[in-house]
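Read off the chains here:
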Amino acid sequence: RFARLLLCLAVWALCGSAKPTERKERVVREAPLSTREHDDAQSFDYDHDAFLGADEAKSFDQLTPEESKERLGKIVGKIDEDGDGFVTVEELKAWIKFAQKRWIYEDVERQWKGHDLNEDGLVSWEEYKNATYGYILGGCCHDPDPDDGFNYKQMMVRDERRFKMADKDGDLAATKEEFTAFLHPEEYDYMKDIVVQETMEDIDKNGDGFIDLEEYIGDMYSQDGDADEPEWVKTEREQFVEFRDKNRDGKMDKEETKDWILPSDYDHAEAEARHLVYESDQDKDGKLTREEIVDKSDLFVGSQATDFGEALVRHDEF
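Here the structure is a predicted model, which is why all the values come from computation and not from measurement. (Residues numbered from 1 in each chain as written. Predicted model: local features only at pLDDT ≥ 70, side-chain atom pairs only at ≥ 80, totals over all residues. Heavy atoms only, no water.)

Peer 1: It is not clear to me how the confidence of the model for the protein chain should be interpreted in this structure. Could you clarify?
Peer 2: When pLDDT is low, close inspection of the predicted coordinates is not appropriate. Per-chain confidence: the protein chain averages 84 in pLDDT, with 82% of residues scoring 70 or above. The least confident element of the protein chain, judged by mean pLDDT, is helix α1 (residues 2-16) at 38; the most confident is strand β4 (residues 251-252) at 98. Low confidence marks residues 1-21, where pLDDT is under 50. Its contacts with residues over four positions away, or in another chain, come to 24 contacts. (pLDDT = per-residue confidence, 0-100. Helix = DSSP H or I, 4+ residues; strand = E, 2+ residues; numbered from the N terminus. Contact = heavy atoms within 4.5 Å.)

So this is what it looks like as structure tokens:
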């Protein structure tokens, strides 16, 4: 009953909420690997955050050097996915991406428990639909007016479409990986078209299959009676004309929208992986052994080492 009440309250809150006047960010960008400067001459803090994720990196700082090396050695076994005894740039890149997005997997784990109702190791569409929309469709709450933008039956149809896209084998039962793609489609290449489609459906108010300038601005900003637009809105108008609308036809099509919300950014994870391999690869064969990584442990993880200067001396001694 409590869960049902919370869900109904959430529905009512959404229905009664006004359109936000603050700027809305649609662009999906690769998050920075660390908030710290990447300057190995000063510290390896950036590398620690990149390799472990910021929260996990802090936990290593509390360990003795010996404990830190021992845990690092265990991590190497996880990075070496094919078990050949070597860590390649690609394996290290994959690990860094995992470490940076650990919160996504934690979110999936939480949701998995609430949706795999029969505990068979799969989440079927029926399980997800019943757990997510059962109370609303069962009469707990009235489905809001579609004009308000919160038609839950339409949302369920949209979720079903996304679920089927994530479900690679088409059996309407998601593995944990497929469920992750469903919940976080922006993280998967094969789901990017659905991200673009959903974005266009949200913004394209006149239903012509394109995003024009006023729809683009209206998604970010509500004038709300103000005569003067903020400066950033004027800049966004210029951005639309100069950069978003590449063919200058006054609107964004699917490809132009994709270029906008899913830009091809610099791959920070790959750059860091190459950096770590270059700095640790003692025999210069382009891949790392467990020993090479542990020997350069200060580069990968922190510990209660006395200070950075002594760590540099130890590196020179290796």
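Peer 1: What should I look at first to understand the packing of aromatic side chains in this one?
Peer 2: What characterises a pair of aromatic rings is the spacing of the ring centres plus the angle enclosed by the ring planes. Throughout the structure, instances matching the rule amount to 15 aromatic pairs. Aromatic side chains Phe 98 and Tyr 105 sit 5.1 Å apart centroid to centroid with 35° between the ring planes, which places their arrangement in the tilted category. Tyr 105 gets classed as partly exposed once you look at its relative accessible area, which sits at 32%. Aromatic side chains Tyr 221 and Trp 232 sit 6.0 Å apart centroid to centroid with 85° between the ring planes, which places their arrangement in the edge-to-face category. Within this pair, whereas Tyr 221 is found in the loop between α11 (213-220) and α12 (231-244), its partner Trp 232 is found in helix α12, the two being separated by eleven residues in sequence. Each member of the aromatic cluster is reached from another via a ring pair, and the members are Trp 112, Trp 125, Tyr 128, Phe 163, Phe 179 and Phe 182. Directly above the aromatic system of Tyr 278 lies the positively charged group of Lys 284, at a separation of 4.8 Å from the ring centroid. (Phe/Tyr/Trp six-rings, centres within 6.5 Å; stacked < 30°, edge-to-face > 60°. Buried < 20%, exposed > 50% of the residue type's maximum accessible area, 1.4 Å probe, protein only. Lys NZ or Arg CZ within 6 Å of the ring centre and 35° of its normal.)

Peer 1: How should the nonpolar core be read in this particular structure?
Peer 2: Side chains of a nonpolar character, in soluble globular proteins, are inclined to be buried together. Ranked by internal contacts, the top residues of the largest apolar core, which has 36 residues, are Tyr 128, Phe 179, Phe 182, Tyr 216 and Trp 260. Elements that contribute at least two residues to this core include exactly α6 (102-115), α7 (125-137), α8 (152-166), α9 (176-183), α10 (192-203), α11, α12 and α13 (254-261). The element that contributes the greatest number of residues to this core is α10, accounting for five residues. Leaving out residues up to four positions away in the same chain, Tyr 216 has contacts with Ile 203, Ile 211, Glu 236, Phe 240, Arg 244, Met 252 and Trp 260. Ranked by size, the runner-up nonpolar core spans 28 residues in total, among them Phe 60, Leu 72, Val 76 and Leu 288. (Core = buried A, V, L, I, M, F, W, Y, C linked by side-chain atoms within 4.5 Å.)

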